[in-house]
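Here's the letter readout for the chains.
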Amino acid sequence: MAEENDNSQEKTEEATPRRLEKAKEDGQTARSKELATMAVLMAGAGGLLMFGASLGASLENIMRDSFVLERSAIFDTRHMSIQLLASAKEAALALSPILILLLVAAIAGSIGIGGLLFSGKAIAPKLNRMDPIKGLKRMFSLRSVIELVKAILKVGLVLALAILILNLRTDDLLSIAEEPAIPAMEHVLWTLGWTFFFLSAATIIIAAIDVPFQIFDHQKKLRMTKQEVKDEFKDTEGKPEVKGRIRQLQREMAQRRMMQDVPGADVVITNPTHYAVALKYDQKSMAAPIVVAKGADEMAFKIMEIARENKVEILRTPPLTRAVYHNTEVGGEIPDGLYMAIAQVLAYVFQLRQFRKGRGDRPGIPDFPIPPDMRRDV
């Protein structure tokens, strides 16, 4: 029933980051064949214009060396293989700039949108691709109609541009007949090269239309229903009751660690019925006193119980305890405004210990100064 409800919902929500990541893992990303075609054609046309002269000279050398045979070579059985290797080497060197340019253009055009992507799932065999019924559906789908319209427009655009170029170059082409043979051949080759370049430039218009369409179509495919977004959020963030249980366990672990630090405290200040804060200060390793534990209600009584068991001094200072409790974090230092008050607390505890050892009079509890902005009534 839930599945039926999911299917009936419209996919109106944009794809989540997790959905986009999963699509990439499956090899689904925006691609434009027109962009790749444009890059290869433009690179090929530009390569011919840049390296055409050197390529022609190399081919001329190959033809001349292949058809000119000296008398001594007739009786040399190795001449044919040596000549073949030399011709292949020269042809490879002549073609390599254009081939490298085409390779770079093919890669750049393929990853121009969508980026570089490696996915084994994209090339894995899928039986549903061999389903004839689904194949017929794809043949007569809206996408097939769009591809047909694109093909017709491409042919029409290239044909129109070819006619325009021929009309503009008619006089130039006719003048070739009056030129000598070699200059005429060079003229024809340059004319063909530039014509091919301008025809290739027509694919820029096609790619400029196809790239935004492919990006939009890819994003549309990955859209999600509101229910899918909710389900994904539950999967990634976890169910509320599970998250609550995890937070509870984390609090319990933190409390256990905190209680383990209470025996090492120098003093525990309390508001006996509500709060308790355990403080520690080591002149050698600490810049200021730190809070090793704090708690309210039952937790406060637990801190005081552990302090009594480990003979940690407990000092009743309700206003100061409330101020420290509300302005500090466990493991954090005492704020500047409470330095003087906590210093007096530690001094009082030290004097009290000395008194109990028979070294001096019993100290009186001082009036601990608390800044007005740090006072708390409850």
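What counts and what doesn't
- The numbering scheme is per chain: residues are counted from 1 as the chain's sequence reads.
- Local features in this predicted model are restricted to residues of pLDDT 70 or higher, and side-chain atom pairs are both shown and tallied only at a pLDDT of 80 or more, whereas totals for entire chains, interfaces and linings draw on every residue.
- Remark: hydrogens and water are excluded; side-chain values derive from all non-hydrogen atoms of the structure.
- UniProt positions are given in the numbering used here, feature names are shortened, and annotations may be inferred rather than shown by experiment.
- Residue burial is assigned from relative accessible area. The probe radius is 1.4 Å, only protein chains are included, and a residue is buried under 20% of its type maximum, exposed over 50%, and partly exposed in between.
- Note on conventions: DSSP H or I runs of at least 4 residues are helices, E runs of at least 2 residues are strands, and numbering of each starts at the N terminus.
- The rule for pairing is simple: two strands pair if DSSP sees at least two bridges between them.
- How far a helix is expected to stretch is found by multiplying one less than its residue total by 1.5 Å.
- By definition, residues are in contact when any of their heavy atoms lie within 4.5 Å.
- In this analysis, rings of Phe, Tyr and Trp, with Trp reduced to its six-membered ring, are considered paired at centre separations within 6.5 Å, and the interplanar angle assigns stacked below 30 degrees, edge-to-face beyond 60, and tilted for intermediate values.
- By the criterion adopted, a ring carries a charge over it if an Arg CZ or a Lys NZ lies within 6 Å of its centre and within 35 degrees of its normal.
- To get an axis, fit a line to the C-alpha atoms, keeping to the stretch in contact for a helix; angles then go from 0 to 180 degrees between the N-to-C directions.
- Oblique is the label for any angle not under 35 degrees, not over 145, and not in the 65 to 115 range, which are roughly parallel, roughly antiparallel and roughly perpendicular in turn.
- By convention the crossing between two helices is left-handed if the near helix lies anticlockwise of the far one by an angle smaller than a right angle, and right-handed if it lies clockwise.
- Only Asp, Glu, Lys and Arg are considered charged in this grouping, and only Ala, Val, Leu, Ile, Met, Phe, Trp, Tyr, Cys and Pro are considered nonpolar; every other residue, Gly among them, is considered polar.
- Any carboxyl oxygen of Asp or Glu within 4 Å of a side-chain nitrogen of Lys or Arg constitutes a salt bridge here.

- As recorded in an unreviewed UniProt entry, the protein goes by Flagellar biosynthetic protein FlhB and comes from Marinobacter lipolyticus SM19.
- Listed under Subcellular location (unreviewed entry) in UniProt, the entry text for the protein is "Cell membrane".
- Taken directly from UniProt, the Sequence similarities (unreviewed entry) text for the protein runs: "Belongs to the type III secretion exporter family."

**Remarks on the pairing of strand 4 (residues 313-316)**
Thinking step 1. Where burial is concerned, the two faces of strand 4 differ: the one with Glu 313 and Leu 315 is buried and the one with Ile 314 and Arg 316 is not.
Thinking step 2. Pairing analysis gives four bridges linking strand 1 (residues 267-271) to strand 4, with the strands arranged parallel. Note that in strand 4 the partner of Val 267 across the bridge is Glu 313.

**Quick notes on helix 15 (residues 339-356)**
Thinking step 1. Between its terminal C-alpha atoms helix 15 stretches 26 Å, which fits the 26 Å expected from 18 residues at 1.5 Å a residue.
Thinking step 2. For helix 15, the full list of buried residues reads Ala 341, Ile 342, Val 345, Leu 346, Tyr 348, Val 349, Leu 352 and Gln 354.
Thinking step 3. Buried positions along helix 15 lie against strand 1, strand 2 (275-280), strand 4 and helix 14 (318-327).
Thinking step 4. Residue Gly 358 follows helix 15 closely and has a positive phi angle near 80 degrees.

**Remarks on the UniProt feature "transmembrane region" (unreviewed entry) in the protein**
Thinking step 1. Under the feature "transmembrane region" (unreviewed entry), the UniProt entry names residues 35-59, 98-124, 145-168 and 188-216.
Thinking step 2. Here residues 145-168 runs as 100% helix and 0% strand, with 35 Å between its end C-alpha atoms.
Thinking step 3. Segment residues 188-216 splits into 100% helix and 0% strand. End C-alpha atoms: 43 Å apart.

**Structural notes on the packing of aromatic side chains**
Thinking step 1. Counted according to the given criterion, the structure contains four aromatic pairs.
Thinking step 2. Aromatic ring contacts, followed pair by pair, group Trp 194, Phe 197 and Phe 198 into a single cluster.
Thinking step 3. When the ring centre of Tyr 325 is taken as reference, the NZ or CZ atom of Lys 294 above it lies at 4.8 Å.

**Points about the packing of helix 3 (residues 33-67) against helix 10 (residues 181-221)**
Thinking step 1. It is at 8 Å that the axes of helix 3 and helix 10 come closest, and there the two elements cross at 160 degrees. Considering their axes alone, helix 3 and helix 10 lie roughly antiparallel with respect to each other. The element helix 3 and its partner helix 10 pack so that their crossing is left-handed.
Thinking step 2. Across the contact of helix 3 with helix 10, the residue classes break down as 16 nonpolar, five polar and three charged.

**Re the pattern of salt bridges**
Pairing of side chains with opposite charge becomes possible as their charged atoms draw close.
Thinking step 1. Inspection of the entire model under this criterion finds six salt bridges.
Thinking step 2. The residue Glu 228 makes a salt bridge to Arg 19 at a minimum N-O spacing of 4.0 Å. Of this pair, Glu 228 sits in helix 11 (residues 226-237) while Arg 19 sits in helix 2 (residues 17-25), and the two are 209 residues apart along the sequence.
Thinking step 3. On the basis of relative accessible area, Glu 228 is assigned to the partly exposed category, the value being 28%.
Thinking step 4. On the accessibility criterion, Arg 19 (21% relative accessible area) is partly exposed.
Thinking step 5. For Arg 356, the salt bridge goes to Glu 313, with nearest N and O atoms at 2.6 Å. A residue pair is termed long-range when its members are at least 10 positions apart, and Arg 356 in helix 15 and Glu 313 in strand 4 qualify at 43 residues.
Thinking step 6. Taking relative accessible area as the criterion, Arg 356 reaches 53% and is therefore assigned exposed.
Thinking step 7. Classification of Glu 313 as buried rests on a relative accessible area of 13%.

**Details of helix 5 (residues 79-110)**
Thinking step 1. Spanning 32 residues, helix 5 covers 44 Å between terminal C-alpha atoms, matching the ideal 46 Å at 1.5 Å per step.
Thinking step 2. Within helix 5, burial applies to Ser 87, Ala 94, Ile 98, Ala 105 and Gly 109.

**Thoughts on the environment of Arg 376**
Thinking step 1. Its location among the elements puts Arg 376 in the segment after helix 15.
Thinking step 2. Of the residues examined, Arg 376 reaches a relative accessible area of 31% and is grouped as partly exposed.
Thinking step 3. Between the C-alpha atoms of Arg 376 and Pro 318, which are 58 residues apart in sequence, the distance is 9.8 Å.
Thinking step 4. Apart from residues no more than four positions distant in its own chain, Arg 376 is found in contact with Arg 322, His 326 and Asn 327.

**What about the packing of helix 3 against helix 5?**
Thinking step 1. Between helix 3 and helix 5, whose axes approach to 8 Å, the crossing angle comes to 170 degrees. The angle between the axes of helix 3 and helix 5 places the two elements in the roughly antiparallel class.
Thinking step 2. Tallied by class, residues from the contact of helix 3 with helix 5 come to 19 nonpolar, nine polar and two charged.

**Overview of unusual backbone geometry**
Peptide bonds are, in most cases, trans, and in most cases residues other than glycine have a negative phi.
Thinking step 1. The backbone of Asp 297 sits at a positive phi, close to 55 degrees, despite the residue not being glycine.
Thinking step 2. Relative to the helices and strands, Asp 297 resides in the loop between strand 3 (290-296) and helix 13 (298-309).
Thinking step 3. Owing to a relative accessible area of 43%, Asp 297 belongs among the partly exposed residues under this scheme.
Thinking step 4. One non-glycine residue, Lys 311, lies in positive phi territory at about 60 degrees.

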